[in-house]
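A structural walkthrough
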Amino acid sequence: MKNRIPRLLSVLILAAFSASASAAAFQLWEQSASGLGNAYAGSAAVADNASTNFYNPAGLTYLPGTQISLGVSGIGPSYRFRNQGTTGLNAGGPDGGNAGARAALPNAYFSRQLSDRLYFGFGISAPFGLATEYEAANWLGANQAVKSEIRTVNYNPSLAYRLSDRVSLGFGLNYQTIDAEMTSGLAGAYRVKGDDSALGWNVGALFTLSPAMRLGLSYRSAIDYRLEGSRSLAGVSRSASADIRLPDSFIFSVWQQLSERWEAMGDLSYTRWSTLDKLVIDHGGATPDVENFGYKNAWRVAWGAAYRYNEQAKLKFGIAWDRTPVSDAVRSPRVPDNDRLWLSLGGQWKLGQGGRVDVGYSYLYVRDPSIAQNRNGTSLNGRYDAGAHILGAQYSLGF
């Protein structure tokens, strides 16, 4: 019983932090709902609550005393396949319905001022997540994919130091767990499942050019995993393993107070998805299984603004263009991704002494992804109707 308790806790945490991808490929920007209304523009420069621990730990130096921030984002993606000439095995099957899975993505952050210059932060979030599952297990692309799921949980302690009134630096360690599963209808039933944990790091710098303008730079390292688990095909199960390297990312942000009521912010981020070329699954057989990704490095640009309506309320707006790492040649039914446009709005309200509530909404317009994959006896040809709705809320308290 004692041995089961830690395992049960791990399963519950992973379940809470699973999500459908809402940024390019299966990267998740929703590490805090407070930035959702601005499409996460200025993420490494705003530093108005403890979630800056993830986007730029140097921003902790702007948080006096003790700060707590708790939030959740609800994600509702849609991936509906439209057949355009699929041939081969299962070609007469149904279209698969909506492969997108709704999910709630929580986050929690804490910060503490240790001295005039030194600050501590800690966060729990999910930097990567994917959940696609076709409603019909015998859909016409079942030989290539039925269910695909990746869940991560990231534990991130950080330290920040104010070098001067103009420059702050931050550093964090990341203990990250991953749980992955893939299924298909190949040979009646195919399933691969594995998990692992690994360490990474993140750094950041925040420059105060004037009381009305800040620049933020941050970097999160790649994380290498050795997935260990099982692989089953047609009722025969074997132990299996695979190496996967989740990408590193870089953010450049700006925040500016334009007037007494208006502020503006912008973001340019770059993710090195080329670390994810293919997944080679060794299962002790003569030939390993291979899942080809062939991802390319990708960038994201965002612009946002906020309007202070009165002393208690602020309105937020934002727009972003998120470039996909997935090309037409390698797009698979597991991750039918394409470039996406974020349209966001939100608000912030002060509640009493030190309390604040942020709410945000984003609609993600995804350019209809096309697919032409000839694999496992099926030539899958068609297009997806794709998009997503994201709704989030965050409560922050300083004391």
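What you see is a predicted model, and the numbers here were worked out from it, not measured in a lab.

Scoring rules and cut-offs
Residues numbered from 1 in each chain as written. Predicted model: local features only at pLDDT ≥ 70, side-chain atom pairs only at ≥ 80, totals over all residues. Heavy atoms only, no water. pLDDT = per-residue confidence, 0-100. Contact = heavy atoms within 4.5 Å. Salt bridge = Lys/Arg side-chain N within 4 Å of Asp/Glu carboxyl O. Helix = DSSP H or I, 4+ residues; strand = E, 2+ residues; numbered from the N terminus. Buried < 20%, exposed > 50% of the residue type's maximum accessible area, 1.4 Å probe, protein only. Patch = residues over 30% accessible without salt bridge, like charges linked within 9 Å, V, L, I, M, F, W, Y side chains within 5 Å. Areas by Shrake-Rupley, 256 points an atom, 1.4 Å probe, with all protein chains shown as cover. Phe/Tyr/Trp six-rings, centres within 6.5 Å; stacked < 30°, edge-to-face > 60°. Lys NZ or Arg CZ within 6 Å of the ring centre and 35° of its normal. Core = buried A, V, L, I, M, F, W, Y, C linked by side-chain atoms within 4.5 Å. Polar contact = N/O pair within 3.5 Å; in protein donor to acceptor, adjacent residues only side chain to side chain. Pairing = 2+ DSSP bridges.

A closer look at the confidence of the model for the chain
Summary statistics for the chain give a mean pLDDT of 92 and a share of 94% for residues scoring 70 or more. Low pLDDT (under 50) marks residues 1–16, which in the prediction has nine contacts with non-local residues, meaning those over four places away or in another chain.

Digging into the pattern of salt bridges
Opposite charge on two side chains lets them pair, provided their charged atoms get close. Taken as a whole, this structure holds 22 salt bridges when the rule is applied. Where Asp368 meets Arg82, a salt bridge forms, and the shortest distance between an N and an O atom there is 3.6 Å. Taken together, the residues span a long stretch of sequence, with Asp368 in the loop between β19 (355–366) and β20 (370–375) and Arg82 in strand β1 (residues 66–83) at a distance of 286 residues. Asp368 gets classed as partly exposed once you look at its relative accessible area, which sits at 29%. Where Arg226 meets Asp243, a salt bridge forms, and the shortest distance between an N and an O atom there is 3.0 Å. Linking Arg226 in strand β10 (residues 223–233) with Asp243 in strand β11 (residues 236–246), this pair joins segments that are 17 residues apart in sequence. What makes Arg226 partly exposed here is its relative accessible area of 38%. Here the salt bridges share partners, and the residues they tie into one network are Lys147, Glu149, Arg151, Asp179, Glu181, Arg191 and Lys193.

A closer look at the environment of Pro64
By secondary structure assignment, the location of Pro64 is in the loop between α2 (52–55) and β1. In the structure, Pro64 is positioned 49 residues away from Gln113 in sequence and 5.9 Å away in space, judged by C-alpha atoms.

Structural notes on a nonpolar patch on the surface
The grouping of Leu114, Leu118, Leu159, Tyr161, Leu163 and Leu169 at the surface amounts to a nonpolar patch, some 520 Å² of accessible area in total. On the accessibility criterion, Tyr161 (39% relative accessible area) is partly exposed.

Considering the packing of aromatic side chains
With the rule as written, the count across this model stands at 17 aromatic pairs. Ring centres of Trp201 and Tyr219 lie 5.3 Å apart, and the angle between their planes is 50°; this geometry places the pair in the tilted category. With Trp201 in strand β8 (residues 190–210) and Tyr219 in strand β9 (residues 213–220), this residue pair connects regions lying 18 residues apart in the sequence. A relative accessible area of 38% places Trp201 in the partly exposed class. Three or more aromatic residues joined by ring pairs form one cluster here, namely Phe26, Phe128, Trp273, Phe293 and Tyr295. Looking at Arg162, its charged tip hangs above the ring of Tyr62, at a distance of 5.3 Å from the centre. One cation-aromatic arrangement involves Arg214 over Trp255; the distance from NZ or CZ to the ring centre is 4.2 Å.

Here's the deal with the nonpolar core
By size, the foremost hydrophobic cluster in this structure holds 32 residues, and its most contacted members are Trp29, Tyr40, Trp342 and Ile390. Contributions of two or more residues to this core are made by α2, β3 (103–113), β12 (249–257) and β21 (378–398). Beyond its immediate sequence surroundings of up to four residues, Tyr40 is in contact with Trp29, Glu30, Ser32, Ala33, Gly35, Tyr55, Asp267, Arg300 and Trp342. By size, the runner-up hydrophobic cluster in this structure holds 27 residues, among which are Ala25, Leu227, Trp273 and Phe293.

Structural notes on the side chain of Arg334
Looking at the secondary structure, you find Arg334 in the loop between β17 (313–322) and β18 (340–351). Engagement of the side chain of Arg334 in a polar contact is seen with the backbone oxygen of Lys147, the distance being 3.1 Å. Among the polar contacts made by the side chain of Arg334, one reaches the side chain of Glu291 at a distance of 3.5 Å. With sequence-adjacent residues up to four places away left out, Arg334 is seen in contact with Leu130, Thr132, Gln144, Ala145, Val146, Lys147, Ser148, Met182, Thr183, Ser184 and Glu291.

Quick notes on the pairing of strand β6 (residues 147–162)
In this sheet, β6 lies alongside strand β4 (residues 118–125) in antiparallel orientation, the contact comprising eight bridges. Pairing of Tyr119 across the sheet is with Ala160, part of β6. Judged from the five bridges that link them, strand β5 (residues 129–133) and β6 form a sheet pairing that is antiparallel. If you follow Gly129 over to β6, its bridge partner there is Arg151. Pairing analysis gives 14 bridges linking β6 to strand β7 (residues 167–184), with the strands arranged antiparallel. Within β7, the position partnered with Lys147 by the bridge is Thr183. Hairpin connection from β6 to β7: four residues lie between these consecutive antiparallel strands.

A short note on the environment of Leu209
You can see Leu209 is positioned in strand β8. On the basis of relative accessibility, which here comes to 41%, the residue Leu209 falls in the partly exposed class. The sequence separation of Leu209 and Asp165 amounts to 44 residues, and the corresponding C-alpha distance is 9.7 Å. Discounting chain neighbours no more than four positions away, the residues touching Leu209 are Arg166 and Leu215.

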